[in-house]
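# A look at the structure
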Amino acid sequence: MPATSNTDKDALEKPFGINNVRAYVPLTLDLNELNYDTWRELLEALCLSFGVKHHLDDPAPTNQSSEWEKMDALVKLWLYGTLHPSLLQMILKKGGTANTVWTSLESLFRDNKDARAIELENDLRSIEIGDLSVAAYCQKIKVTADLLSNIDQPVPEKTFVTYMINGLGKKFDQVAGIIRHQQPLPSFLKARSMLLLEESRLARLRPIHGSHRDNSSCPSALVTGSGQQAPSSQPSRRDFRSNLPRRGGGSDRRNQQRRGGGGGNDRRQDHR
């Protein structure tokens, strides 16, 4: 009999040995994350393993012993310690038990499930890549699909692969057509890999296109590193005109030649 008493005492003291509930429930229950089912599974496993699950399932007894009150307060602290601050403010109520907190959380998440599912399905259907990278775009789709799974509305993989293809921009038209016409439709991870390869290929093409604009044969003026315009190697129209002979100068030379010719006649007459 004393041995049984010691065993019962150890069972009662065992839950109080938990210093950090996060070691057993490593996530925060949040309305925006819709992770209620995962959180519930972890909490139930924790309470079951320490022999206190009845504090979650059963209402408070009529005659509450001090031991029951202490244990119930401990389980309630476990619940509070895994809630997001905004959710804690909604649930926290003076005089509540672990069971009332547990059932309030269940009602809150179950009531919002259908409305939230419709909202998430619309979000998943309308996601577009825009300025996102392929990795960020695929992550956004995967997170939304996981949220739907958390509220018992799993999305078939082929469905959100189709949503992924539909949200791509024009620059991915070629690879999108390849993915769309594959039989069977590739998995989400395979389609993601194909998009990442196409993104890398397009990134390698951009410097080549830019080099044509910077080619030295381009007639546009060059700009030095200091921001000043470098002189052009081609002669300007003004320089070309400056090398042409002036009209006036040509007339003077012709007059001089005529005069010179007249002087020659005079010399011939003198000789005679």
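Residues numbered from 1 in each chain as written. Predicted model: local features only at pLDDT ≥ 70, side-chain atom pairs only at ≥ 80, totals over all residues. Heavy atoms only, no water.

A few words on the packing of helix H7 (residues 134-150) against helix H8 (residues 157-166). Two numbers describe a pair of packed helices, the interaxial angle and the distance between the axes. Taken N-terminus to C-terminus, the directions of H7 and H8 make an angle of 145°; their axes are 11 Å apart at the nearest point. The crossing of H7 and H8 is right-handed. For the pair formed by H7 and H8, the contact residues are Tyr137, Cys138, Ile141 and Ala145 on the first element and Phe160, Tyr163 and Met164 on the second. A per-class count over the contact of H7 with H8 returns seven nonpolar, no polar and no charged. (Axes fitted to C-alpha atoms, helices over the stretch in contact; angles between N-to-C directions. Helix = DSSP H or I, 4+ residues; strand = E, 2+ residues; numbered from the N terminus. Left-handed = near helix turned anticlockwise from the far one by under 90°. Contact = heavy atoms within 4.5 Å. Nonpolar A, V, L, I, M, F, W, Y, C, P; charged D, E, K, R; others polar.)

Time to look at helix H4 (residues 66-80). Across its 15 residues, H4 extends 21 Å between first and last C-alpha, which sits within 8% of the 21 Å expected from 1.5 Å per residue. Residues Trp68, Met71, Asp72, Leu74, Val75, Lys76, Trp78, Leu79 and Tyr80 constitute the buried set of H4. (Expected span 1.5 Å × (residues − 1). Buried < 20%, exposed > 50% of the residue type's maximum accessible area, 1.4 Å probe, protein only.)

On to the packing of helix H6 (residues 98-126) against H7. Viewed as axis vectors pointing N to C, H6 and H7 meet at an angle of 160°, and their least axial separation amounts to 10 Å. When the axes of H6 and H7 are compared, the pair comes out roughly antiparallel. Crossing of H6 against H7: the hand is left-handed. Here H6 contributes Ala117, Leu120, Glu121 and Leu124 to the contact with H7, which in turn contributes Ile141, Thr144, Leu147 and Leu148. Considering only residue class, the contact of H6 with H7 consists of six nonpolar, one polar and one charged. (Parallel < 35°, antiparallel > 145°, perpendicular 65-115°, else oblique.)

Our focus in this paragraph is the confidence of the model for the chain. Per-residue pLDDT for the chain has a mean of 79; in total, 71% of the residues score no lower than 70. The spread of mean pLDDT over the elements of the chain runs between helix H12 (residues 247-271), the lowest at 50, and helix H3 (residues 54-57), the highest at 94. Note that residues 263-272 has pLDDT below 50 and, in this model, zero contacts with residues that lie over four places away or in other chains. (pLDDT = per-residue confidence, 0-100.)

This paragraph deals with the pattern of salt bridges. Taken as a whole and assessed by the stated rule, the structure comprises seven salt bridges. Among the ionic pairs, Glu119 bridges to Arg116, the shortest N-O distance being 3.1 Å. Here Glu119 pairs with Arg116, and both are found in helix H6, just three residues apart, close to one helical turn. On the accessibility criterion, Glu119 (40% relative accessible area) is partly exposed. We classify Arg116 as buried; its relative accessible area is 19%. Within this structure, Arg40, Glu44 and Glu106 form a network of salt bridges that share partners. (Salt bridge = Lys/Arg side-chain N within 4 Å of Asp/Glu carboxyl O.)

This next bit is on the environment of Ser104. With respect to the secondary-structure elements, Ser104 resides in helix H6. By relative accessible area, Ser104 is classed as partly exposed at 31%. As for Ser104 and Leu92, which are separated by twelve residues in sequence, their C-alpha atoms are 10.0 Å apart. Looking at Ser104, its side chain comes within polar contact range of the main-chain oxygen of Thr100, at 2.7 Å. (Polar contact = N/O pair within 3.5 Å; in protein donor to acceptor, adjacent residues only side chain to side chain.)

The next thing to look at is the nonpolar core. Core analysis: the biggest nonpolar cluster contains 30 residues, and Leu124, Tyr137, Ile141, Phe160, Met164, Phe172 and Leu195 have the highest contact counts within it. Elements with a minimum of two residues in this core: H6, H7, H8, helix H9 (173-180) and helix H10 (188-213). With seven residues, H7 is the single largest residue contributor to this core. If we ignore the near neighbours within four places in the chain, the residues touching Leu124 are Ile141, Thr144, Leu148, Val155, Phe160 and Tyr163. Cys47, Ile91, Val101 and Phe109 belong to the second-largest nonpolar core, a separate cluster that totals 28 residues. (Core = buried A, V, L, I, M, F, W, Y, C linked by side-chain atoms within 4.5 Å.)

A complete count under the given rule lists six aromatic pairs for this structure. Grouping aromatic residues by their ring pairs yields a cluster made of Tyr36, Trp39, Trp102 and Phe109. (Phe/Tyr/Trp six-rings, centres within 6.5 Å; stacked < 30°, edge-to-face > 60°.)

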